[in-house]
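Listed below are the residues making up each chain.
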Amino acid sequence: MKIASFVHDGQFDCGLVDSQGHIYRLDGCEAVRAISPSQRLPALLAMDRDERRQVVKQFKFTAESKIHPRVLAPAVPLCPLFFYGHGNSPTIWRRQQGPRFRWNIPRMTHFRVRPWTSLSGNGDTVELPVKASLAHGAEFAVVLGKDAYRVPEIEAESYIAGVLVMNDLFMSGLHGDYDNLPDEELSRYMVMSLDCMSKSADGNGAIGPWITTVEELEDAYTARMGTQRLSAMRKSSYASAYLYDLIIQTSIDGKLSERGHTSATLLGAEYLIAYFSQFMTLPIGTILGLGAPSWDGQMVDISEQLGSRSELEVSIEQVGDLQTHIERVGCHRERKRSPFLARVRRWGMDENKTKKSPGRSVWICRGNYLKADEIEGVPESNRYCANLYPPRVLGKLGSPLVLAPHMGAVECEVHLAGVIGRPCYNIEEGEALECLAGVTVMLHLRDRSLGHRIKTPTDYETRGVHYLGGCADGFARLSPVVPLTHADDLDSLVMSVSIQDGDMVQTHSGGYRNGLNGMIAMCTRQT
């Protein structure tokens, strides 16, 4: 089964794809006919494999149900969580990162979260401002068919509903002086922040062209390898082999530029589902990108002339071909129109209906206090070291905070936080506070035991587990939002945190190096 997403009558819908790539609506499908269009995709993902096989067997691919959407929506248009990997391939470390990191292949690679607004679908156009550069990585990703929480690795494969093609775009050159800092001035927090923001740009998370469900890949692999003749014990060793036996390749402007294989991953989907679900919920529809299996960060060579275009195509055999158009546009500083909202209009959807997104974007800044250089080695030039966290990191105020069995040492931080009250894009610092609905105090916890599991971690590994340690469900809590009356108020707030039967620690909002206005300007530069 191949499931494509599109917009029909102003709302997200999905249909089945035939062997020729034609798309058919599901109105006549008995299994999902009574379900609202926007909920049909989760319903199909939640079915077991035999149920989906039965749906395909009974479905009638008729001329009446055939449609021709101008642009496909992202394959999971209401994706609740989008994890993407970096450095998760031995090929990357041997060919690309080896000399820099002395050929030390990491024991834990980097994974980050993309915002919902970064998603783009097959045939979408990504706008590249003048003086900005674009790199990309051809990847494959899995889509979960049920909520995953504390899943044993041996059961993790059963949580995977499908596979899709992913083009991991990285747009750099839009953060001014931050992009030009020498390596010796870049703290590990700033490196993570720039990587996260460059990949969070509107449209930079290209996924599609559709979801190919696992039973289709599994059946093809079984027929090719003859595993149907194996004993039950031998079959178990092939349980997810179909995921790691696919060729992936990229073409730029019609010319083959790279080729890889989905087996070239250090950490497989099953391990990552089990690992992440130890401390956080992976909801149904979660996309888990496994990182580029061949060359990562290949530059797209496109002229600075306005209107110049380049065509990227990432293909995975048996899954599909994902096409992304790159177009050179004017100066980024002059752009106040959100590319995401423009993309929503191209899909044929009312942008006001997108305001109820799958979850909040939670940006948390590190090293933004006066003694950060002395204590954490964060130079003053590293102004805003912000990273995006999963929506479920926000817990309900007053609810108990649940620590997973493996958690040992947990550190606690208190932050002044701003709550955005309206859509904003590419906001200048002087206008940023006008976007706020109010301010609040955030309590954020971090599990330090993830780092303790790695003996003598490298700086790369430390950065990875440091981020993941703050991603657990409910590890951030917000106090009630207080309206902002005067900008001066932000420099005179007292924040405190107290632990039962322990000391109370106070801090002052005047102890920040940089304020909320700069943080908003930094985070909205591309998102």
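Refer to the structure presented above.
This is a predicted model, so every value here is computed, not measured.

1. Quick notes on the overall build of the chain
Line of reasoning, step 1. The helix and strand tally for the chain stands at 13 helices and 25 strands.
Line of reasoning, step 2. Relative to the globule expectation of 24 Å for 527 residues, the C-alpha radius of gyration of the chain, 23 Å, shows essentially globular dimensions.
Line of reasoning, step 3. Viewed in the frame of its principal axes, the chain has a C-alpha envelope of about 65 × 55 × 50 Å.
Line of reasoning, step 4. Within the chain, the proportion of its 527 residues that are buried is 55%.
Line of reasoning, step 5. A separation of at least 24 residues holds for 78% of the contacts in the chain among residues at least 6 apart in sequence.

2. Re the pairing of strand β22 (residues 436-447)
Line of reasoning, step 1. The buried fraction of β22 amounts to nine of the 12 residues, a majority that puts the element mostly inside the structure.
Line of reasoning, step 2. Here strand β21 (residues 410-420) runs beside β22; their pairing, made up of 11 bridges, is antiparallel. In the sheet register, Glu413 faces β22, and the bridge partner there is His444.
Line of reasoning, step 3. With three bridges joining them, β22 and strand β23 (residues 476-478) adopt antiparallel strand pairing. The residue of β23 that forms the bridge with His444 is Ala476.

3. Focus: the nonpolar core
Line of reasoning, step 1. With 77 residues, the main nonpolar core has Phe83, Phe276, Phe279, Leu288 and Leu468 as its most contacted residues.
Line of reasoning, step 2. Counting residues per element, this core draws most heavily on helix α4 (residues 188-199), at six residues.
Line of reasoning, step 3. Once residues lying within four places of it in the same chain are set aside, the contact partners of Leu288 are Phe83, Phe111, Phe140, Ala141, Val142, Ala269, Leu272, Ile273 and Phe276.
Line of reasoning, step 4. Judged by nonpolar contacts, the second largest core, of 38 residues, contains Ile3, Leu45, Val55 and Ile207.

4. A word on the sheet that holds β21
Line of reasoning, step 1. As summarised here, the arrangement of the four strands in space is β20-β23-β22-β21, forming an open sheet in which the pairing is mixed. Of all the strands in the sheet, just β20 (394-395) and β21 have a single pairing partner and so form its edges.
Line of reasoning, step 2. The sheet strands contacting helix α13 (residues 516-523) are β21 and β22, and the helix crosses β21 at an angle near 80°.

5. Structural notes on unusual backbone geometry
Backbone geometry follows two general trends: most residues other than glycine have a negative phi, and most peptide bonds adopt the trans configuration.
Line of reasoning, step 1. Across the junction of Gly208 and Pro209, the peptide omega takes the value -10°, indicating a cis bond.
Line of reasoning, step 2. With a phi close to 55°, Asn426 is a non-glycine residue in the positive phi region.
Line of reasoning, step 3. Positionally, Asn426 belongs in the loop between β21 and α10 (429-432).

6. Focus: the sheet that holds strand β8 (residues 125-129)
Line of reasoning, step 1. Strand order in the open sheet formed by five strands is β8-β17-β16-β12-β13, with mixed pairing between adjacent strands. Single-partner strands in this sheet number two, and they are β8 and β13 (255-261). The sheet shows a mean angle of 20° between the axes of neighbouring strands, direction not considered.
Line of reasoning, step 2. In the sheet, strand β12 (residues 247-252) pairs with strand β16 (residues 309-316) via five bridges, with the strands oriented antiparallel. Residue pairing across strands places Gln249 opposite Ser315, the latter belonging to β16.

7. A look at the environment of Arg525
Line of reasoning, step 1. Looking at the element boundaries, Arg525 is found in the segment after α13.
Line of reasoning, step 2. Separated by 372 residues in the primary sequence, Arg525 and Glu153 have C-alpha atoms spaced 39 Å apart.

8. Quick look at empty space enclosed by the protein
A probe as big as a water molecule, rolled over the atoms, marks out the empty space that is left.
Line of reasoning, step 1. Per the stated rule, a full pass over the model turns up three cavities of 30 Å³ or more.
Line of reasoning, step 2. If you add up the space inside the largest cavity, you get close to 70 Å³.
Line of reasoning, step 3. Forming the boundary of the largest cavity are Glu127, Met171, Leu174, Ala201, Asp202, His332, Arg335, Pro339, Tyr425 and Gln526.
Line of reasoning, step 4. Of the residues in the lining of the largest cavity, the class split is five nonpolar, two polar and three charged.
Line of reasoning, step 5. When its volume is computed, the second largest cavity comes out at roughly 40 Å³.
Line of reasoning, step 6. Surrounding the second largest cavity, Met192, Ile364, Arg366, Asn387, Tyr389, His466 and Tyr467 form its lining.
Line of reasoning, step 7. The set of elements that each furnish at least two residues to the lining of the second largest cavity consists of β18 (362-366), β19 (385-389) and α12 (459-468).
Line of reasoning, step 8. The class makeup of the residues in the lining of the second largest cavity is four nonpolar, two polar and one charged.

9. Details of the packing of α4 against α12
Line of reasoning, step 1. At a minimum axis distance of 10 Å, the contact between α4 and α12 shows a crossing angle of 65°. Put simply, α4 runs roughly perpendicular to α12. The element α4 and its partner α12 pack so that their crossing is right-handed. Contacts between α4 and α12 involve Arg188, Tyr189, Val191 and Met192 from the former and Asp459, Thr462, Arg463, His466 and Tyr467 from the latter.

10. Here's the deal with the pattern of salt bridges
Line of reasoning, step 1. For the structure shown, the criterion picks out 23 salt bridges.
Line of reasoning, step 2. Residue Asp13 pairs with Arg25 through a salt bridge whose shortest N-O separation is 2.7 Å. You can see Asp13 sitting in strand β2 (residues 11-17) and its partner Arg25 sitting in strand β3 (residues 23-25), a full 12 residues away along the chain.
Line of reasoning, step 3. Given the relative accessible area of 3%, Asp13 is considered buried.
Line of reasoning, step 4. Judged by its relative accessible area of 13%, Arg25 falls in the buried class.
Line of reasoning, step 5. Across the pair Arg446 and Glu413 runs a salt bridge, and its minimum N-O distance is 4.0 Å. Residue Arg446 is found in strand β22, and its partner Glu413 is found in strand β21; the two are separated by 33 residues along the sequence.

Definitions and limits used
Here the residue numbers are simple positions, counted from 1 along each chain's written sequence. Reporting of local features is limited, given that this is a predicted model, to residues whose pLDDT is at least 70; pairs of side-chain atoms are given and counted only at 80 or more, and all residues count toward the totals for whole chains, interfaces and linings. Here the side-chain values reflect all heavy atoms present in the structure, with hydrogen atoms and water set aside. Secondary structure is summarised from DSSP: a helix means a run of H or I of at least four residues, a strand means a run of E of at least two, and numbering begins at the N terminus for each. Here the globule rule is a power law, 2.2 Å times the number of residues to the power 0.38, and the radius of gyration is based on C-alpha atoms. Here the term buried applies to any residue with accessible area under 20% of the maximum for its type, exposed to any over 50%, and partly exposed to those in between, with areas from a 1.4 Å probe on protein chains only. Any two residues whose heavy atoms approach within 4.5 Å at even a single point are treated as in contact. Between any two strands, at least two bridges found by DSSP are needed for them to pair. To form a nonpolar core, buried Ala, Val, Leu, Ile, Met, Phe, Trp, Tyr and Cys residues must be joined to one another through side-chain atoms within 4.5 Å. Working convention: axes come from line fits to C-alpha atoms, limited for helices to the stretch in contact. Angles between N-to-C directions cover 0 to 180 degrees. Using protein atoms alone on a 1 Å grid, points that fit a 1.4 Å probe yet trap it form a cavity, whereas open point sets bounded by protein on both sides within 12 Å along at least five of seven lines form a pocket; residues with an atom within 4 Å of a point count as lining. Grid points are joined across faces, edges and corners, and a volume is the space filled by probe spheres set on the points. Three classes are used: nonpolar for Ala, Val, Leu, Ile, Met, Phe, Trp, Tyr, Cys and Pro, charged for Asp, Glu, Lys and Arg, and polar for all others, with Gly counted as polar. When describing relative orientation, an angle under 35 degrees is termed roughly parallel and one over 145 degrees roughly antiparallel, while 65 to 115 degrees is termed roughly perpendicular and anything else oblique. Note on convention: the crossing is left-handed when the near helix lies turned anticlockwise from the far helix by less than a right angle, right-handed when the turn is clockwise. Any Lys or Arg side-chain nitrogen found within 4 Å of a carboxyl oxygen on Asp or Glu counts as a salt bridge.

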